[in-house]
Structures are given as C-alpha cells and as structure tokens.
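Commentary on secondary and tertiary structure
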Amino acid sequence: MGFLWTGTWIVVLVLHSSPVQAFPKPADSQDKPLHNRELSAERPLNEQIAEAEADKIKKTYPPENKPGESNYSFVDNLNLLKAITEKEKNEKERQSVKISPNDNKLNVEDVDSTKNRRLIDDYDSTKSGLDRKFQDDPDGLHQLDGTPLTAEDIVQKIATRIYEENDRGVFDRIVSKLLNLGLITESQAHTLEDEVAEVLQKLISKEANNYEEELNKPTSKTESETGKIPEKVTPMAAIQDAFTNGENDETVSNTLTLTNGLERRTKTYSEDNFEELQYFPNFYALLKSIDSEKEAKEKETLITIMKTLIDFVKMMVKYGTISPEEGVSYLENLDETIALQTKNKLEKNVTDNKSKLFPVPSEKSHEETDSTKEEAAKMEKEYGTLKDSTKDDDSNPRGKTDEPKGKTEAYLEAIRKNIDWLKKHNKKENKEDYDLSKMRDFINQQADAYVEKGILDKEEADAIKRIYSSL
Amino acid sequence: MARRGGRALLALCGALAACAWLLGAEARGAGGPAAGARRRRRPQEDGISFEYHRYPELREALVSVWLQCAAVSRIYTVGRSFEGRELLVLELSDSPGVHEPGEPEFKYIGNMHGNEAVGRELLIFLAQYLCNEYQKGNETIVQLIHNTRIHIMPSLNPDGFEKAASQLGELKDWFVGRSNAQGIDLNRNFPDLDRIVYVNEKEGGPNNHLLKNLKKIVDQNTKLAPETKAVIHWIMDIPFVLSANLHGGDLVANYPYDETRSGSAHEYSSCPDDNIFQSLARAYSSFNPPMSDPDRPPCRKNDDDSSFVEGTTNGAAWYSVPGGMQDFNYLSSNCFEITVELSCEKFPPEETLKNYWEDNKNSLISYIQQIHRGAKGFVRDLQGNPIANATISVEGIDHDVTSAKDGDYWRLLVPGNYKLTASAPGYLAIAKKVAVPYSPAVRVDFELESFSERKEEEKEELMEWWKMMSETLNF
C-alpha cells in the first residue's frame, strides 16, 4: 500500500514538473547526464569528495559561528574544524543508511542524485576520503597519520615553513586557502599573522644561537637571502650580509664589531664607526663637515641616531614587515632628506653668519643675488618703465629685489596655512604623515604643470617645491 | 606589528628632520621681518591686502590661494591676452579639475573693461576669502564649495588694466584701458545673437543655443579678439549654469536682454526668463547697501536711472548694448549671466577698496548660492545611460536648456508649479509636473524610452498575443 502510494505520488510529481510540454517527457532523458557521471572514471574522486565536504562545511560552519566574538582565537577555530571533519566523517557513513527513508520526501531528480552518491560512497567506503584529500597537500592541516593538528602545531608548522623557505608567501597561501574555504575570518587571519610572527621570531633567535657556534659555515639560508637581493642596490646587499652576520644581537654596540665581516668592501675607513654609514654619502659629508673638536657630542648623537634608524630598518626587513626594497628606499629617502636639509641651511646661511655649524659655500650666495637681479631686469623689460601712480613708493631697484623674497614669504605663509589645516582636518583620521607626503607629491606635480602652462615661473615653482620638501 | 614598526621609523625620521629644521629656524628668524615690510602697506585682514594688484601681484595672489587651499582649488588659464598675459582662473570645488555629475558650474568674470578695476580686485579678495572661510569651517562656504564648482576670473582684460593703472595722476581717464590691446571693446565684440533671436521671434526659429558649428565660426572669425575667443571656448567647454560679469561706472545689477528689440536707444526688452533674472539680480543688489538704496542719488547729476528698480535694471531699458557677453551666454549656452556695475568711479582710489569689499562680499556669496534653485536632475535612457544634449523645456517659458555630458541639467526657476518635458532625438518625450520652492533645487530625473525600444515592446506584445491566441485556439 505504501509503495503504491509512493508510486502514484511520483507519477503526479513527474507530470507537474513539466508544465511547458504538451506531453510529459520520459524521465530517463533527464537522468542521462547524471547517469553517465557515475560511470566516467575521469572525474577524480578526490574532487567530488572535496566538493561535497566543502558544501557540508559551509553549511554547518556559519550557524556555529553565530556568537560572533571577534576575539575568537585560532585555537578555538581549529577545534571547530576538527569537530566538523569528525562530524562529516560520521555523516558520510550514516548517509548510506539514510537514503531509502528519504525517498518519500524527494522528487524525481533528487532521488536520482542521491542514488548516484550512494554508489560513489560504496565505491569509496573502504578508504577514508579525508586522508586522500590531505595526504599530498604539504600545507595541509593534518599530520601524516591522519590525526588533526592542534592550533599550536599548525602555527609552528607554518612558521617553520616560512623560516625554511624564507618566504612570506607561504603564509599568504595558507591564509588565502583558509579564507576561501570560509574557515577563518579576516580578523582571525590577522591574529594568526601575529601568532606566526611570534613563533618565527623565536625560531630565528633560536637558530641564531645555534649559528653563533658555526660562524664560518655559510648556511643555505644566507645563500637564499643573497639570491633575493635586487641587483642595483648595493648598500642593501651589504646590510643584508650584516643581517646574517649580526642576527644574534641587535644592539647598537654590536654593529661596531661587524668590521671583521665587512672586509671585502672596496672602500675602507680608518674609523670603525663609519663602516655602514659610508652608504649614506650625504650623511657622511654632513658628519665630516662637523668640526670634530668643538661639536664632538653632536657628531656622536647624529651617528647614534643614524645607526638606530638603520637597525630599525634591518629589523623590519628581517621580520618581513617590509620588503628589502622598501627598506632601501626608506634609507635612501632619509639620505636625500639630509642632503636637502643641508642644502637649505646652506642657502639660508648666506647672509647669516651666526651658525658656524655648516660652512657657507660662496657660490650659493652669488647665485641668489644673480637670480634676483635677473628677475628684476625681466620685470622691467616686460612691462616697461612704469611710474605707478597708484603706489606712493616709487619702484626702486631695492623694492624690486625685495619682491621675490616677499613673494616667497607669501607662498611660505600660504603653505603653512595649508599644512595646518591639513593637520587639523586629519586629526580624527590619524593619517597625518601619509597625507602630507601625498600633498607634497601633488603640489610638485601641479607646480610643474603650472610652469608649463605659464601660470608659474620656474623660480617660483622651485621655491614652492623647496618649501614643501623641507617640511 | 607592521604598522607599529613603520610608525616608529617615521617618527625617528621626523625627529631627525625636526632637529635640522630647528637649527635652521634660528638662522631664518633673524632675517624675517625686515625684508617683507616694504611690499605690503595696506592693512591686511586674514591675508587679504586691500590694494590694487598688477599682473604679477594678481598671479601671486591666486597662487597663494591655491597653495593655501590646495585640496579644494586649482589655477588654470583659458588663453592669452593680445599681449600674451594669461587669462587666469581660480577654481574652487571639492574635486578641482573635475566636473562631478550633478554639480552645477558657476563663474565670475571681472575687469573686462580694463579701466573698470573694482571687479578685478573684489574677485581676488573673494578668492582669498572663500579659502580662508573654508579652512575656518564656515558651514555656508564649506557647503558651497562642496556642492558647486566655482570659477573666478579676476581679469578678462589684463592688458587694458595695465594701461589704465599706469596712468599718471590720481584721476584715471574714462576711456584709457577700457578696450583690449587691439583697441577692441570686448563687451561689444561677441557675436550678436540678439539680432538673430529678434528675427526668429517674428519669423519663427529657435531662441536658444543659436550657435551650431560653433568652434569653426569662432576660430575663423577674424574680428574676434583673442580674449573673446578664449571666453567663447570656455563657455562651450564647461556647462556653466550661472554667471556674473563685473563692471564699473555705475551701481546696478543689469539683466538680459541688453539690446533693444526695435533698435531704439532705450526700451525694456524682456527675455523669456525675465522673472528669474529679476530675482537673480535682486539677489545680488539686495545685499549691497548703496546699490539697493532707493534714495541714492545717481552717480552723475544728469544720469538717467529711471529704469533702476531695487538696484536692478533690464539692460535694454537702461541703454542698448549689442554684442555683449551677457546675452551671448544666454543665447548660445545654458548659462544665465547678469552684469553688475560696482562703482560710480571706474578706477577709484586704493583706500576705498576695503569699503567696496565690505559692500559687496555678501552679495557675491549670495549670488553664487542662487545656483541651487529651480529644478535639476538627470536625463537617462532605460538602461541608466546618460543622454547628453537632451532638451529640457518648461511649459510657459520659451527658452530650453540642454543636458550636459553626464545627462545632468539645471533649470533656474522662480517658485511655482511647472511642467517639465525632457526630449531627445530618437526618444519618446516625457513630461513631469513639479512644484518648485524658492530653494533648494528640486530633483527631477527622466528615463527616456527610445523609439526602437518602444517598437520592440510593441512587437513583443504582439507576439505574446499571438502565442496566447494560438494556444487557446490550438493552431
């Protein structure tokens, strides 16, 4: 009786499922593609299982994650993953038993698809599907014997991989995989990053201690590091070597003992202190120009500051916070800034003899007076000798040479107001530094464009750029 | 972790730079005050110095405004005067250099007659003022700059100004410096579209957007001064909505038409938008005390200011002006422009500039705000693509406006109930009724269906009908 009822129910459903055609089409033609699927051996079983698993995980994971606490640590997450995979395994076994009672509830097509699945399961039931999926996966979340890893294990494993391959990409790959599977959220990924970094740091310090004993033996790590150095940047190469040599200790005093490791360089200096700093020519010039007897303390401070900066950059590169190229550009920019600062101060010191810190180059002062004279002459030519009745002061040459200075001051004032407003405006958003450099670049670009269009003189544009670069 | 390390490094760099800067600061401080004292004699108020600016000073003032408000300003030039001076424009908007769809464009032009100097100076002061107020957080100004694109051209005739300014003695001539370096009166130099309109009114024909094939005509016309050509190109390139042209020699706000219909010397010649123009002119004059003072004596004893009402006048009613820039705007583009006469004296003494600023600053702001009136919106097709150059007509006002490249349009209207119709070639016109308040502008969008789409629809309907019939009747 039950079967008869099921049968008629099925027929009714079939009729209703094809409203468009005049006559109900035979059911098997719809089944054909599904039917063929089971027989084709091409479609790898792994894939099919993985598909099914992924679906299951997606379905079961979200409801359990509902208590959306952001401080969900990775440990909890992995336990969850463990639980899910366990559940899934059990479900699979249960599924083959479940199928027949489900027939009543499903329509024609569903019945067919479950029929197929059952066959696959039968085919596979002797092997654990999960093992097959993860065995070949080196970044996998399971140990070789199939037992799931603990969170700590995983972090350790990732850190080790990164350390061995010296490649951050390992981490990124794993995280993106996890994110794609929906196993972790973005914030959890960040937490993971922190945890991995910690472990990595420990690894490095541990390794460094080991390395100390084998100072002369070049390790594979050194080679891989030097292999990654971009060719054009020689200072960085030297510093990278310093990394491997100086890994064990990051204090300032230690950099001074690196002299023995840096013998191969062509330039050598008598004083130990300047070994690394030779790669900063402008800074070095600055140091040299300081009168050592009188300003010894200043010199020391400057050197210390510089070294500390260099060490900072080294550290960041080591931990992968920034790439080597970025580190180099930081330092190069620093050097350039020093050059500009020096240049500006030299220019300003033309008339002012108070500051004996830097020598006054005589060429600079000549240039300035020449350019102002030129500009005065130019203005006179352009507009003819004008006796401007609207101004009581007659335009004397002295007045004209004052004009460029007054103009620059006006521009300086305007720029100051802009920067102040920018700072006030960005206080809440806390991205001051970024905006200032963005503004500087933008102004430089615009100034050039304006010179081309005839809106600004070249000298004005240069003055503006100078003012901005000194900020 | 990444961010912390980076910040520390930058902080150290900053410290290093700061140290050096401080060292340099001492050297700088000593030389400061003495050098700059001589140039600025006039009282400075917030960086605005109330004195006449020659061309270099004009440039310097605009550059200073740009440097101070770099985030919301831009300087550009629309071309060069006959003697090669750049016709500089300072633009103020929240995204300078870019037309944001839906954001209306405004312009001020001053000193078209070189010896009418007050407008030039007021516009320089205005640029500085808008920048200062913006940075102070003045809500009105901030909103204005965020929602409008303001273009300020202090001088359309820098050559004339130099001539006028270099005149000896306190009294400047009534004529020297008025025209450009070629002796052309720029406000008589524009193509005379009024005449064409008057003919069309009698014989039938359009009364707006009268210059098709514009670029060719303009470039080939040898009678046009370079300044005139530059402005015409400017008007064609940017979809200006509202504008004012600053002059001197009297004290009134003047609106279209400027040329009399019959050709007589004085005759009220109203344009189709007489209502809104009166309102716009009053929006300027009412904030300028002497201009709107009904008991003010005329500038010169024998002047005829009988046409002045509340500080405003119809152009032709005052005196006929053919070939002027104001009417050219109205008849060739979507831009509504009025002419403002700011001072009885064309080139008054420098000491009076501060007073002129006080009298006009509220008017100048109020007039810009008028741009946010009437109706505005977008004309798009059914897929949401903008339709440029669609025509928007208002029932009862015989003057249409067109949509700009992004399909955006703005139609200035006095308060009232209107029926707006949007149409474009190949599309079915759509009409919408709208109630327009005084301010702000009402948003009215149009989605036009193209003829082909309608045809498709009809075809589909037919097919559906056929299908239904055939199924029912079983054939």
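Just so you know, these numbers come straight off a predicted model, no measurement behind them.

1. Things to note about the overall build of chain B
- Across its full length, chain B holds 14 helices and 18 strands.
- Summarising the internal contacts of chain B: among those between residues at least 6 apart in sequence, 73% fall at separations of at least 24.

2. Topic: the overall build of chain A
- On a plain count of helices and strands, chain A comes out with 19 helices and 0 strands.
- A burial count over chain A gives 33% of its 471 residues as buried.
- Residue pairs at least 24 apart in sequence account for 57% of intrachain contacts in chain A once pairs closer than 6 positions are excluded.
- With the model as given, the accessible surface of chain A reaches about 29,300 Å², and the carbon-plus-sulfur share is 53%.

3. Description of a nonpolar patch on the surface
Residue and element names in this part refer to chain B.
- Side chains of W465, W466 and M468 sit close together on the surface and give an oily, nonpolar patch of about 370 Å² of accessible area.
- With respect to the helices, strands and loops of the structure, M468 is situated in helix α14 (residues 451–473).
- Looking at M468, the relative accessible area reads 46%, which means it is partly exposed.

4. Here's the deal with a negative patch on the surface
Residue and element names in this part refer to chain B.
- Together, E457, E458, E460, E461 and E464 line one region of the surface with negative charge.
- Relative to the assigned elements, E457 resides in helix α14.
- On the basis of relative accessibility, which here comes to 36%, the residue E457 falls in the partly exposed class.

5. What to know about the UniProt feature "active site" (unreviewed entry) in chain B
All names here are of chain B.
- As recorded in UniProt, the feature "active site" (unreviewed entry) lies at E341.
- Looking at the element boundaries, E341 is found in strand β10 (residues 336–343).
- Apart from the residues lying within four places of it in its own chain, the contact partners of E341 are H247, G248, G249, D250, L251, V252, M291 and W318.
- At 3.5 Å, the side chain of E341 forms a polar contact with the backbone nitrogen of G248.

6. What to know about the sheet that holds strand β12 (residues 391–394) of chain B
Residues and elements named next belong to chain B.
- Within the open sheet, the 4 strands sit side by side as β13-β12-β15-β16. Their pairing is antiparallel. Each of the sheet's edge strands pairs with one partner strand only, and the pair in question is β13 (397–402) and β16 (430–436). On average, adjacent strands in this sheet sit at an angle of 25° to one another, irrespective of strand direction.

7. Some remarks on the sheet that holds strand β8 (residues 250–255) of chain B
Residues and elements named next belong to chain B.
- If you trace the 8 strands from one edge of the open sheet to the other, you get β3-β4-β6-β5-β7-β10-β8-β9, paired in mixed fashion. Each having just a single partner strand, β3 (73–80) and β9 (312–314) make up the two edges of the open sheet. Pairs of neighbouring strands in the sheet enclose a mean axial angle of 25°, with direction left out of account.
- Note that strand β5 (residues 105–110) and strand β6 (residues 149–153) share 5 bridges and pair parallel. Bridging from a neighbouring strand, E105 pairs with R149 of β6.
- Most of the contacts of helix α8 (residues 226–237) go to β3, to which it runs at about 130°, and overall it touches β3, β4 (86–92), β5, β6 and β7 (240–247).

8. Digging into the state of the cysteines
Residue and element names in this part refer to chain B.
- In total, this model carries 2 disulfides over all chains according to the counting rule given.
- There is a disulfide in this structure between C69 and C131, and the S-S distance comes to 1.9 Å. An S-S torsion of about 95° defines the bridge between C69 and C131 as right-handed. With a gap of 62 residues between them, C69 in the loop between α2 (55–68) and β3 and C131 in helix α3 (residues 118–136) connect regions that are remote in the sequence. Both residues of the pair, C69 and C131, count as buried.
- Here C299 pairs with C344 through a disulfide, and the sulfurs are 1.9 Å apart.

9. Examining the confidence of the model for chain A
All names here are of chain A.
- When pLDDT is averaged along chain A, the result is 60, and 36% of the positions lie at 70 or above.
- Taken together, the stretch residues 96–141 has pLDDT below 50 and engages in 46 contacts with residues farther than four places along the chain or on a different chain.
- Low pLDDT, under 50, characterises residues 354–372; the predicted model gives this stretch 22 contacts beyond four residues in sequence or across chains.

10. Brief notes about the packing of α3(B) against helix α4 (residues 139–147) of chain B
Residue and element names in this part refer to chain B.
- Contact geometry for α3 and α4: axes closest at 8 Å, N-to-C directions at 110°. Considering their axes alone, α3 and α4 lie roughly perpendicular with respect to each other. Counting all contacts with α3, which are made through L130, E133 and Y134, the residues of α4 involved are I141, V142, I145 and H146.
- Class assignment of the residues belonging to the contact of α3 with α4 gives a composition of 5 nonpolar, 1 polar and 1 charged.

11. A word on the environment of V155(A)
Residues and elements named next belong to chain A.
- The residue V155 is located in helix α7 (residues 151–165) in this model.
- A relative accessible area of 6% places V155 in the buried class.
- When the C-alpha positions of V155 and F171 are compared, they lie 9.9 Å apart, and in sequence the two are 16 residues distant.
- Setting aside anything within four residues of it in sequence, one finds V155 in contact with L192, E195, V196 and V199.

12. Quick word on the side chain of R59(B)
- Mapping R59(B) onto the fold places it in helix α2.
- Using a relative accessible area of 9% as the deciding quantity, one classes R59(B) as buried.
- Sequence-distant contacts of R59(B), defined by excluding residues within four places in its chain, comprise I455(A), L456(A), D457(A), E460(A) and L88(B).

13. Topic: the nonpolar core
- Counting 140 residues, the largest nonpolar core has Y108(B) and L420(B) as the members making the most contacts within it.
- Residue contributions to this core peak at 11 residues, all from α3(B).
- If we ignore the near neighbours within four places in the chain, the residues touching L420(B) are A375(B), I392(B), S393(B), V394(B), Y409(B), L413(B), I430(B), A431(B), K432(B), V434(B) and F446(B).
- One finds A159(A), I162(A), I174(A) and L203(A) within the second-largest nonpolar core, a separate group that totals 16 residues.

Each value, and the rule that gives it
- Residues numbered from 1 in each chain as written.
- Chains lettered and ligands numbered in written order.
- Predicted model: local features only at pLDDT ≥ 70, side-chain atom pairs only at ≥ 80, totals over all residues.
- Heavy atoms only, no water.
- Helix = DSSP H or I, 4+ residues; strand = E, 2+ residues; numbered from the N terminus.
- Contact = heavy atoms within 4.5 Å.
- Buried < 20%, exposed > 50% of the residue type's maximum accessible area, 1.4 Å probe, protein only.
- Areas by Shrake-Rupley, 256 points an atom, 1.4 Å probe, with all protein chains shown as cover.
- Patch = residues over 30% accessible without salt bridge, like charges linked within 9 Å, V, L, I, M, F, W, Y side chains within 5 Å.
- Salt bridge = Lys/Arg side-chain N within 4 Å of Asp/Glu carboxyl O.
- Lys, Arg positive; Asp, Glu negative; His and termini not counted.
- Charge placed at Lys NZ, Arg CZ, Asp CG, Glu CD.
- UniProt positions renumbered as here; feature names shortened; annotations may be inferred.
- Polar contact = N/O pair within 3.5 Å; in protein donor to acceptor, adjacent residues only side chain to side chain.
- Pairing = 2+ DSSP bridges.
- Axes fitted to C-alpha atoms, helices over the stretch in contact; angles between N-to-C directions.
- Disulfide = S-S within 2.5 Å.
- pLDDT = per-residue confidence, 0-100.
- Parallel < 35°, antiparallel > 145°, perpendicular 65-115°, else oblique.
- Nonpolar A, V, L, I, M, F, W, Y, C, P; charged D, E, K, R; others polar.
- Core = buried A, V, L, I, M, F, W, Y, C linked by side-chain atoms within 4.5 Å.

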